[in-house]
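Structural description and commentary
These are the residues of each chain, in order.
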Amino acid sequence: MLEEVERWLAGRSWSAADRPLDQLLAAKSRTGQTVSVVLPALDEEATVGTIVEIIRRDLMSAAVPLVDELVVVDSGSTDRTAEVAAAAGARVVHRDAILPRLATVPGKGEVLWRSLLATSGDIVCFVDADLREFSPAFVSGIVGPLLTEPQVQFVKAMYDRPLGEGADGPKAGQGGRVTELVARPLLNLHWPQLAGFVQPLGGEYAARRSLLEQLPFPIGYGVELGLLVDALHTVGLDALAQVDVGVRKHRHQDGQALGRMAAAIYRTAQLRLARGHLVRPRLTQFDRGEEGGFVPRTTDVDTEERPPMRGIPEYAERRAA
């Protein structure tokens, strides 16, 4: 590991407990910064309501006004995600209603990019909507450094990710398979300054709007790696940080979904290593056929990216208003 990264780990890795809520509220009052929380959601009726309720109860009360705005962006759910989120107290916006002049494309990054136009906070905090046993520290922990450390601009959550259940309970530390097999090797080989991030692909992170509006957003699974790499090049390692928020429990993807995720992440990295014209790649996977043998199934790998939001006229007009 680079000496620079060792120093960064010592000075830019914290625990959520390092900044109690009263300290965060004092910093928020002193600086006048506002905080938006965004939950990108697709068919998450089983979990989104509880997350919204906890954030509203613990971080949006008169006694603890840490979060100013809580928005669930529905990316085309076919279940009751939108109704459950609204009933729990979130403002729900459909992906297609944000910047309607641009046709939407499927993908998490598309939703996060559009959410910048649907929110107004100086600090934007993204939280996945499939988390179980949700703790408000997933928000307060990663927002904390942005409120108290003026030089910090981008903060990732770090946590243990148990995988399934063993004889003695969840298998600790075995989640994050795409991180360990794809993202971590890529970062260590090509962006060694980012080797200190425990969960580079985690969906819980917060950043200053002034940074996010400068960055392109890969539309699909590559968005977390893309934002992290581009943030490094835009503001430097010392402006990045990570906070330990405990344990993350969520719905795990099957092996083929992980393969598609890995391909998109690899492609996102490849685009950043060589910004020339590249042929749109495809990924072939195999399913067992009903009559025996294996049947190939080929899908496109997401490579499209949305441009920095500050170049979008509607965003510029809203910011000027």
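The notes below deal with the structure included here. (Residues numbered from 1 in each chain as written. Predicted model: local features only at pLDDT ≥ 70, side-chain atom pairs only at ≥ 80, totals over all residues. Heavy atoms only, no water.)

**Some words on helix 9 (residues 223-235)**
Along its 13 residues, helix 9 runs 18 Å from first to last C-alpha, staying within 8% of the 18 Å computed at 1.5 Å per residue. Of the residues making up helix 9, those classed as buried are V223, E224, L225, G226, L227, L228, V229, D230, A231 and L232. Directly after helix 9, the chain includes G236, whose backbone phi takes a positive value near 90 degrees. (Helix = DSSP H or I, 4+ residues; strand = E, 2+ residues; numbered from the N terminus. Expected span 1.5 Å × (residues − 1). Buried < 20%, exposed > 50% of the residue type's maximum accessible area, 1.4 Å probe, protein only.)

**As for the pattern of salt bridges**
Opposite charge on two side chains permits pairing when their charged atoms draw close. Following the criterion strictly, the structure yields 17 salt bridges and no others. The shortest N-O distance in the salt bridge between D58 and R57 comes to 2.8 Å. The salt bridge partner of R101 is E314, with a shortest N-O separation of 2.4 Å. Here R101, found in the loop between strand 4 (91-94) and helix 5 (108-118), pairs with E314, found in helix 11 (residues 313-320); they are 213 residues apart in sequence, far enough to count as distant. Taking the relative accessible area as the measure of exposure, R101 reaches 49% and is therefore partly exposed. One salt-bridge network, held together by shared partners, links K108, D128, E204, E224 and R248. (Salt bridge = Lys/Arg side-chain N within 4 Å of Asp/Glu carboxyl O.)

**A closer look at the sheet that holds strand 10 (residues 205-208)**
One open sheet holds the 8 strands; their spatial order is 1-12-7-10-5-2-3-4, and the pairing between them is mixed. Each edge of the sheet is formed by a strand with only one pairing partner; in this case those strands are strand 1 (13-15) and strand 4. Across the sheet, the axes of successive neighbouring strands diverge by a mean angle of 25 degrees, strand direction being ignored. As paired elements, strand 7 (residues 154-160) and strand 12 (residues 240-247) share 6 bridges and run parallel to each other. Residue pairing for strand 12: K156 is matched across the bridge by Q242. (Pairing = 2+ DSSP bridges. Axes fitted to C-alpha atoms, helices over the stretch in contact; angles between N-to-C directions.)

**Details of the packing of aromatic side chains**
Taken as a whole, this structure holds 5 aromatic pairs when the rule is applied. Through successive ring pairs, a cluster of aromatic residues spans F126, F154 and Y205. The ring of W14 is capped by R19, whose NZ or CZ atom sits 4.1 Å from the centre of that ring. (Phe/Tyr/Trp six-rings, centres within 6.5 Å; stacked < 30°, edge-to-face > 60°. Lys NZ or Arg CZ within 6 Å of the ring centre and 35° of its normal.)

**Remarks on the nonpolar core**
If you look at the biggest cluster of nonpolar residues, it comprises 48 residues, and the most contacted ones within it are F154, V178, L194, F217, L225 and L240. Those elements that provide at least two residues to this core are strand 3 (69-74), helix 5, strand 5 (123-126), helix 7 (177-190), strand 10, helix 8 (209-212), helix 9 and helix 10 (255-273). The biggest single contributor to this core is helix 9, with 7 residues. Discounting chain neighbours no more than four positions away, the residues touching V178 are A183, L201, L258, M261, A262 and I265. Ranked by size, the runner-up nonpolar core spans 44 residues in total, among them A27, V48, A88 and L131. (Core = buried A, V, L, I, M, F, W, Y, C linked by side-chain atoms within 4.5 Å. Contact = heavy atoms within 4.5 Å.)

**Structural notes on the packing of helix 7 against helix 10**
In the contact formed by helix 7 and helix 10, the axes pass within 9 Å of each other and the chain directions differ by 10 degrees. Comparing their axes, helix 10 and helix 7 come out roughly parallel. Here R177, V178, V182, L186 and H190 of helix 7 lie close against helix 10, whose contacting residues are L258, M261, A262, I265, Y266, A269 and L273. Here the residues of the contact of helix 7 with helix 10 are counted per class, giving 10 nonpolar, 1 polar and 1 charged. (Parallel < 35°, antiparallel > 145°, perpendicular 65-115°, else oblique. Nonpolar A, V, L, I, M, F, W, Y, C, P; charged D, E, K, R; others polar.)

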